[in-house]
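Each chain, written out:
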Amino acid sequence: QVQLVESGGGLVQAGGRLRLSCAASGRAFSSLVMAWFRQTPGKDREFVAAIGRSTLGVDYADFVQGRFTISRDSAENAVYLDMNSLTPEDTAIYYCAAGTGTWYRGDTWKPGRYNYWGQGTQVTVSA
């Protein structure tokens, strides 16, 4: 079992930045594929970014447009999402996710491939 604890959400002005953090425990962190998803009322949970077992493998949703950076720190058993140039359209609950097993190209986009989820952290961007 894996427990994921998120932090870093809050209120920020348009054009600002936030760092979201997700601390993992209960399993070998290096074996996990880590990702961020987000969700707003009336919409499905959508993929934001993912990072594999190697830092050479990262994926981003098209709407990110170079504004976000996902990273992981093995010493802290944590994954981060550095968000820059935020807009009101980025307002959502952001969820940390972890996946195990064998991964293939395209799997990172699928919420069903992730075994564990954090509680979510609210990001609100004011105009």
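Residues numbered from 1 in each chain as written. Predicted model: local features only at pLDDT ≥ 70, side-chain atom pairs only at ≥ 80, totals over all residues. Heavy atoms only, no water.

Quick notes on the layout of surface pockets
Here's step 1: If you add up the space inside the largest pocket, you get close to 180 Å³.
Here's step 2: Around the largest pocket, the lining comprises 14 residues; the ones closest to its centre are Val33, Gly52, Gly57, Asp59 and Thr108. (1 Å grid on protein atoms, 1.4 Å probe; cavity = no way out; pocket = protein on both sides within 12 Å on 5 of 7 lines; lining within 4 Å. Points joined across faces, edges and corners; volume = space filled by probe spheres on them.)

Topic: the state of the cysteines
Here's step 1: Enumeration according to the criterion identifies 1 disulfide in this entry.
Here's step 2: One disulfide bridge connects Cys22 with Cys96, the sulfur atoms lying 2.1 Å from each other. In this structure, the disulfide formed by Cys22 and Cys96 twists by about -80 degrees around the S-S bond and is classed as left-handed. A residue pair is termed long-range when its members are at least 10 positions apart, and Cys22 in strand β3 (residues 18-25) and Cys96 in strand β9 (residues 92-99) qualify at 74 residues.
Here's step 3: On the accessibility criterion, Cys22 (1% relative accessible area) is buried. (Disulfide = S-S within 2.5 Å. Helix = DSSP H or I, 4+ residues; strand = E, 2+ residues; numbered from the N terminus. Buried < 20%, exposed > 50% of the residue type's maximum accessible area, 1.4 Å probe, protein only.)

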